[in-house]
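Okay, here's what each chain looks like letter by letter:
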Number of protein chains: 4
Amino acid sequence: MTRRQSARVRTSALCEETTVNIGFIGMGTMGAPMAGRLIEAGHDLTIHNRTRAREEALAERGAARASSPKEAAAGTDLVITMVSDTPDVEAVILGPDGAIHGMKEGAVLVDMSTISPTATREIARALEAKGVDMLDAPVSGGSEGASNGTLSIMVGGKAGVLESLRPVLGVLGNTITHVGPIGSGQVTKAINQVIIAGTYAAVAEGVALGLAAGLDIDAAHQAVSGGAAGSWVLTNRAANMIADHYPLGFRTRLHRKDLGIALETARELGVALPVAAFVEQIETGLMKRGHGEEDVSNIARFFREQAGL
Amino acid sequence: MTRRQSARVRTSALCEETTVNIGFIGMGTMGAPMAGRLIEAGHDLTIHNRTRAREEALAERGAARASSPKEAAAGTDLVITMVSDTPDVEAVILGPDGAIHGMKEGAVLVDMSTISPTATREIARALEAKGVDMLDAPVSGGSEGASNGTLSIMVGGKAGVLESLRPVLGVLGNTITHVGPIGSGQVTKAINQVIIAGTYAAVAEGVALGLAAGLDIDAAHQAVSGGAAGSWVLTNRAANMIADHYPLGFRTRLHRKDLGIALETARELGVALPVAAFVEQIETGLMKRGHGEEDVSNIARFFREQAGL
Amino acid sequence: MTRRQSARVRTSALCEETTVNIGFIGMGTMGAPMAGRLIEAGHDLTIHNRTRAREEALAERGAARASSPKEAAAGTDLVITMVSDTPDVEAVILGPDGAIHGMKEGAVLVDMSTISPTATREIARALEAKGVDMLDAPVSGGSEGASNGTLSIMVGGKAGVLESLRPVLGVLGNTITHVGPIGSGQVTKAINQVIIAGTYAAVAEGVALGLAAGLDIDAAHQAVSGGAAGSWVLTNRAANMIADHYPLGFRTRLHRKDLGIALETARELGVALPVAAFVEQIETGLMKRGHGEEDVSNIARFFREQAGL
Amino acid sequence: MTRRQSARVRTSALCEETTVNIGFIGMGTMGAPMAGRLIEAGHDLTIHNRTRAREEALAERGAARASSPKEAAAGTDLVITMVSDTPDVEAVILGPDGAIHGMKEGAVLVDMSTISPTATREIARALEAKGVDMLDAPVSGGSEGASNGTLSIMVGGKAGVLESLRPVLGVLGNTITHVGPIGSGQVTKAINQVIIAGTYAAVAEGVALGLAAGLDIDAAHQAVSGGAAGSWVLTNRAANMIADHYPLGFRTRLHRKDLGIALETARELGVALPVAAFVEQIETGLMKRGHGEEDVSNIARFFREQAGL
């Protein structure tokens, strides 16, 4: 049987099943609520987390616990990984106890972490050699989206494989977009973080100017929000900047991690991103001065400080 | 009668009138359709434009023509100016034949041009000495908004004066926001252009990255538009950037003029705007290379060129 | 007699004379020591300063005092202006009591202030209409150079006029370079300030990195100074940055003024200067926070603060 | 015998010897002429290069050839590595056939490549566990400096170890500076490349402004070179920028590699380097468009292109 045939058969199997046997690796801020939703939707989950204690809450709700990624993956049709960064994904998939050593031919691995597109393609090649298809499917929408199933999921990989998994992924997100071959999901997430970087800086500059001018900042905010200056950031995060108070939200530390991936990807592709590069430098300063765990709207700190506000 | 009493009486007069006697100076891309709407709404207009021939179309629709700003202003209750830049506003109001020399005590001047807040305050002081109140009321929404009355109008000056003029300004815009004392309208417009600058750059960086990565750019565009990266620019102008085609829209040359005002204002206030300053430099390059009359989304040219796209 | 003949005669006259009759306007930090050197060299000076009291010290050394630029210029062969900014030069030359109203045909005006090249050309045209040649001759070298005659003088205007004045200008500076037609001296000064801006930023980034790394900063400084990273700034100002102490030197406020001229000139010429524009933004922040009167090496404050140093 | 005693004994041994037994790994543009100088100075060299054919020229001059870094290191008192990047250094020292497996206790390894300070410290720890001291000793001065022994060598590690090696390193460079503990040499090199980045950008902005202004660019160059704007780059590389011709020199590709190390180091240390980050973005664009093998002064291409020059 060729790989192509194998893919067709597997796809059908996953499509027809209502209960999928899933290995889920990573019980962090995102992974835990996502796994919870999959359990609620009736799937059979075997879970693993490096810090084992974090498996307990889900185990009480019916998940089986595994002592390693390899064990979590063993015998499943689908492995989902949701961990912190590129080296973590490499470790849980390709490491000595990695999922790859437990997965069966014809199964699918979906990495929902935000990591390097280049590393993603290398992992996919290793999995392919074992007869395992991979999708890269990073998300946006934060822990709130993870809890209520409203994540936006950007998927790279074979379109047919994604189609077979829509019933499962639909439990996690309400917007699932196929954006191209393997790695494209990660590039799309990188694009997302690059655009966010510049948009936050843009809004923060506007807020600083308004604060310094001593006008009615809330009225001005309202006046510019409806037109060409409008953005999610302007609508939802300018208030943080005006109040100089930055509750989470999305951590500066994590945004900078993602921006680092984006800049590395751009470097490899030969794309100059001067604004994103500048924002990364500002975020470096914010982190150094202890503001890395605040919401990313705290970029306004930089502009406020420069203006003595 | 004190100035305060005078203001109260005048306000009432303007409120009660359904037909206002208006001097309108500036028949450009914005001024002409705005004057047209005021005529249609039943107001008496006396119009003037430096290039006199541009008065003709409106004259055919019933406007009286004046040979100078002074003559256009003579005897009116309200003078509206809508010209290109700070020196033009200074000339049509304070110049030898300027409106100030024709305006009667108790009348109001509303400058709807986009100019320097500092110059605005100086003009207002000169008018105040003649018993004339001034509002600065720059707009966003472009020539389309000027034609269909959907401009967003950001107003600085006395709140009471604005209230008296809402019936007139309501003909021109559907969002009229009082943002503070005289000059605040211009600062708000500056804020708007600063935010636009950074947001365009942000989206253009994202587009360049996507194009270089060779993914499904339209799908990726759709995937990121609904979340925290979302903006008017991303929704409405990324397509220009993807197509490398920049139909108007809003001219780069004019945005750079406005950005120059914003940066000058920021300089006076002591606010550092590194991203806006960077965008101004990019726009300088675009204009030098002949792209000043394209839509401002052509900032994507910079990022595409750098990436060899 | 044609203008050309007039120029030839005048040139000869100035060349042959050992004592030149000079009107000198501006007794500031730079102008006072420069005028002092000219007196010592045996020239006849008539001086004027807006704040008249600043004329006194020079008057005691033999200078005649004039109550206006016009009076200072009356009957002289050469007028030198050394004031703060473009509007000041315009006022002392073209204003109601300006030098232009006192100068005789065939005399020469040398503006040694640092101002706009565009304004310079306009002033030169007004002077030319009165039969007066102008050189723009801004300097570098600071008050120390002004005191000991080691200024570097960058001269725009007719080469022949400069040649006729070398004996006089040689009292003030030891490097006098003809760089092109009128305005070119100011552009060269602008170039100087642009290069300085980026070089200071470059050195400050290096210093911040070294301080954060905890290495032997003085040894590292020495190690990199002799090679391709070497510069006047690295040799002479890195020590300020390391000590976080910024004695004058050259004021940040004045450098930003000059950089503003440079950026405006670049805007007119269509040249993008993103690094200089960025430095201007940093300097805006430094000034707002009260550091404008320190030496320009205080740009290191920005990088140190960002790094929590 | 304690480590401390061992170090003292070894130091003495190396000091007294006139002929040192050296393993030299890396026969590239830099390594080959450096190895040549050591042979000429009378030292016994065993050389290795990944592409073995590059060993031949040196072998003809008396060097022994080794089939691996391990073999080159075997029995020597000193191993010098001079390869391209961090992974190469890790491979030739720590890899399966790496030098570490051949080195004897008490020997010293000097890495003269330009690599990550963090990786350097990790390598040093591995070597220390084997009783081998390490110095990081990156150089500046290019292939010319490598050929004539005028390199500037920035050394991190134990001062005593460096002292013992001065007779050998003095053959390679004429400025050898101890800058701190292990890794400090690499940080100093990073500082050097950061300062170079900003200085090149500064000079290129000045050149672009001068070219656009149409003045006598050579005269202007001369006028500003002697003062506060002066730098090695201005003196030695502005001519390239004026001619728009960029013969080597130092490759843009290699400078960007080094700048990447510097930015990564700054990221780890929490130092914001916005100008260096911007230059890296420009260099990314230059490389993408095929200019990576030109001299790094080709950053002027960016500014010239933006200004349509």
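This one's a predicted model, so the numbers in the text were calculated from it and none came from an experiment. (Residues numbered from 1 in each chain as written. Chains lettered and ligands numbered in written order. Predicted model: local features only at pLDDT ≥ 70, side-chain atom pairs only at ≥ 80, totals over all residues. Heavy atoms only, no water.)

Before going further, it helps to spend a moment on the overall build of chain A. From N to C terminus, chain A includes 14 helices and 9 strands. Computed over its C-alpha atoms, the radius of gyration of chain A comes to 21 Å, within 12% of the 19 Å expected for a compact globule of 309 residues. Referenced to the eigenvectors of the C-alpha coordinate spread, the extents of chain A come out at roughly 70 × 45 × 35 Å. Within chain A, the proportion of its 309 residues that are buried is 62%. Taking contacts inside chain A between residues at least 6 apart in sequence as the whole, the part at least 24 apart equals 65%. Entry remark: accessible area of chain A is about 10600 Å², with carbon and sulfur atoms responsible for 50%. (Helix = DSSP H or I, 4+ residues; strand = E, 2+ residues; numbered from the N terminus. Rg over C-alpha atoms; globule rule 2.2 N^0.38 Å. Buried < 20%, exposed > 50% of the residue type's maximum accessible area, 1.4 Å probe, protein only. Contact = heavy atoms within 4.5 Å. Areas by Shrake-Rupley, 256 points an atom, 1.4 Å probe, with all protein chains shown as cover.)

With 55 residues of chain C at the interface, the matching set in chain D holds 55 residues. Summing both partners gives a buried area of about 4500 Å² for chain C against chain D, and 75% of it is carried by carbon and sulfur. For chain C, the biggest contributors to the area lost against chain D are C:Ile195, C:Glu205 and C:Leu209; these three give 15% of the whole. Run the count over chain C and chain D and you get 0 salt bridges. Where chain C touches chain D, the interface holds 10 residue pairs in polar contact (both at pLDDT 80 or more). (Buried area = accessible area lost by both parts, 1.4 Å probe. Salt bridge = Lys/Arg side-chain N within 4 Å of Asp/Glu carboxyl O. Polar contact = N/O pair within 3.5 Å; in protein donor to acceptor, adjacent residues only side chain to side chain.)

Two chain copies here: they are related by a rotation about an axis and a translation along the same axis. Superposition record for chain A on chain C: RMSD 0.0 Å, screw rotation 180 degrees, translation along axis 0.0 Å. The relationship between the two copies is best expressed as a two-fold rotation axis. Taken together, the interface assignments show that 100% of the residues at the interface of chain A recur at the interface of chain C, consistent with an identical surface on both copies. (Least-squares fit on C-alpha atoms with pLDDT ≥ 70 in both.)

A word on the pattern of salt bridges. Residue and element names in this part refer to chain A. Evaluated as defined, the whole model comprises 67 salt bridges over all chains. For glutamate 264, the salt bridge is made with arginine 267, and the minimal N-O distance between the two is 2.6 Å. Placement of the pair is glutamate 264 and arginine 267 together in helix H12 (residues 252–269), with a separation of 3 residues, close to one helical turn. For glutamate 264, a relative accessible area of 34% translates into the label partly exposed.

Omega for the peptide link from A:Leu248 to A:Gly249 comes to -25 degrees, which places this bond in the cis form. Along the polypeptide, A:Gly249 turns up in the loop between helix H11 (232–243) and H12. The phi angle at D:Asp244 is positive, at roughly 55 degrees, despite the residue not being glycine. Looking at where D:Asp244 falls in the secondary structure, it is placed in the loop between helix H11 (232–243) and helix H12 (252–269). Of the residues examined, D:Asp244 reaches a relative accessible area of 31% and is grouped as partly exposed.

The next thing to look at is the packing of aromatic side chains. On inspection of all chains with the given rule, the structure shows 12 aromatic pairs over all chains. Ring centres of B:Phe278 and D:Phe278 lie 5.6 Å apart, and the angle between their planes is 80 degrees; on these two criteria the pair is classed as edge-to-face. A residue pair is termed interchain when its members come from two chains, as with B:Phe278 in helix H13 (residues 274–288) and D:Phe278 in helix H13 (residues 274–288). You'll find B:Phe278 and D:Phe278 in the same group, each marked buried. Here B:Phe302 and B:Phe303 contribute two aromatic rings whose centre-to-centre distance is 5.0 Å and whose plane-to-plane angle is 85 degrees, an arrangement assigned as edge-to-face. Each of the two residues, B:Phe302 as well as B:Phe303, counts as buried. Site record: aromatic cluster; members linked through ring pairs are A:Phe278, A:Phe302, A:Phe303, C:Phe278, C:Phe302 and C:Phe303. (Phe/Tyr/Trp six-rings, centres within 6.5 Å; stacked < 30°, edge-to-face > 60°.)

Time to look at the environment of A:Thr19. Residue and element names in this part refer to chain A. As for its position among the elements, threonine 19 is in the loop between helix H1 (3–16) and strand E1 (21–25). Overall, the relative accessible area of 35% leaves threonine 19 in the partly exposed class. Separated by 278 residues in the primary sequence, threonine 19 and serine 297 have C-alpha atoms spaced 41 Å apart. Excluding residues within four positions of it along the chain, threonine 19 makes contact with Gly42, His43 and Asp44. Within the structure, the side chain of threonine 19 is placed 3.5 Å from the backbone oxygen of glycine 42, a separation counted as a polar contact.

Once that is clear, we can look at the pairing of strand E2 (residues 44–48) of chain C. Residues and elements named next belong to chain C. With 4 of 5 residues buried, E2 is to be regarded as a mostly interior element. Examined bridge by bridge, strand E1 (residues 21–25) and E2 share 5 bridges and lie parallel to one another. Bridge pairing in E2 places phenylalanine 24 opposite isoleucine 47. Assessed by its sense of winding, the connection that carries the chain from E1 through helix H2 (residues 31–40) to E2 is right-handed. (Pairing = 2+ DSSP bridges. Right-handed = clockwise from strand over helix to strand, strands pointing away.)

Mapping chain C onto chain D calls for a screw motion: a turn of 180 degrees about the axis and a shift of 0.0 Å along it, with 0.0 Å RMSD after fitting. The share of interface residues of chain C whose copies in chain D are also at the interface is 100%, consistent with both copies meeting through the same surface.

Take helix H9 (residues 184–213) of chain B next. Residue and element names in this part refer to chain B. Between its terminal C-alpha atoms H9 stretches 44 Å, which fits the 44 Å expected from 30 residues at 1.5 Å a residue. With 27 of 30 residues buried, H9 lies mostly within the body of the structure. Looking one or two residues beyond H9, the residue adopting positive phi is glycine 214, at roughly 70 degrees. (Expected span 1.5 Å × (residues − 1).)

What follows is about the interface of chain A and chain C. Facing the 9 residues of chain A at the interface are 9 residues of chain C. Of the roughly 800 Å² buried between chain A and chain C on both sides combined, carbon and sulfur atoms contribute 48%. It is A:Lys288, A:Arg289 and A:Gln306 in chain A that bury the most area against chain C; as a group they hold 56% of the surface buried on that side. In this structure, the connection of chain A to chain C is made through 0 salt bridges. Between the two partners, chain A and chain C, sit 6 residue pairs in polar contact (both at pLDDT 80 or more). Looking at the side of chain A that touches chain C, the elements that each hand over two or more residues are helix H13 (274–288) and helix H14 (299–306) of chain A. For the side of chain A that touches chain C, the per-class residue count stands at 3 nonpolar, 3 polar and 3 charged. (Nonpolar A, V, L, I, M, F, W, Y, C, P; charged D, E, K, R; others polar.)

The next thing to look at is the side chain of D:Ser297. All names here are of chain D. Along the polypeptide, serine 297 turns up in the loop between H13 and helix H14 (299–306). Polar side-chain contacts of serine 297 include one of 3.0 Å to the side chain of asparagine 240. Setting aside anything within four residues of it in sequence, one finds serine 297 in contact with Tyr200, Arg237, Asn240, Met241 and Tyr246.

Residue and element names in this part refer to chain B. One way to put it is that H9 packs onto helix H11 (residues 232–243) with a least axis distance of 10 Å and a crossing angle of 50 degrees. By the angle between their directions, the pair H9 and H11 is classed as oblique. The way H9 lies across H11 gives a crossing that is right-handed. Contacts between H9 and H11 pair Thr199, Tyr200, Val203, Ala204, Val207 and Leu211 from the former with Trp232, Val233, Leu234, Arg237, Ala238, Met241 and Ile242 from the latter. Partitioning the contact of H9 with H11 into residue classes produces 11 nonpolar, 1 polar and 1 charged. (Axes fitted to C-alpha atoms, helices over the stretch in contact; angles between N-to-C directions. Parallel < 35°, antiparallel > 145°, perpendicular 65-115°, else oblique. Left-handed = near helix turned anticlockwise from the far one by under 90°.)

Right, let's get into the packing of helix H9 (residues 184–213) of chain A against H9(B). Remark: H9(A) packs on H9(B), axes separated minimally by 8 Å, with the N-to-C direction vectors making an angle of 170 degrees. Put simply, H9(A) runs roughly antiparallel to H9(B). Partitioning the contact of H9(A) with H9(B) into residue classes produces 18 nonpolar, 8 polar and 2 charged.

Okay, helix H14 (residues 299–306) of chain C next. Across the 8 residues of H14(C), 7 count as buried, placing the element largely inside the fold. Restricting attention to buried positions, one finds in H14(C) the residues C:Ile299, C:Ala300, C:Arg301, C:Phe302, C:Phe303, C:Arg304 and C:Gln306. Where H14(C) is buried, its residues touch H13 and H14 of chain A, helix H9 (184–213), helix H11 (232–243) and helix H13 (274–288) of chain C together with H13 of chain D. Positive phi appears at C:Gly308, one or two residues downstream of H14(C), with a value of about 65 degrees.

So, about the confidence of the model for chain A. Residues and elements named next belong to chain A. When pLDDT is averaged along chain A, the result is 94; 94% of the residues meet or exceed 70. Note on residues 1–13: pLDDT is under 50 here. Beyond four places in sequence and across chains, it has 13 contacts. Both confidence scores are given for the complex: pTM 0.94, ipTM 0.94. (pLDDT = per-residue confidence, 0-100.)

Our focus in this paragraph is the pairing of strand E2 (residues 44–48) of chain B. Judged from the 2 bridges that link them, E2(B) and strand E3 (residues 64–65) of chain B form a sheet pairing that is parallel. Each residue of the ladder has a partner; that of B:Thr46, found in E3(B), is B:Ala64.

It is worth spelling out the side chain of D:Arg304 at this point. Residue and element names in this part refer to chain D. Note that arginine 304 resides in helix H14. Classification of arginine 304 as buried rests on a relative accessible area of 13%. What arginine 304 contacts, discounting residues up to four positions off in sequence, is Leu211, Met241, Ile242, Asp244, Tyr246 and Leu309.

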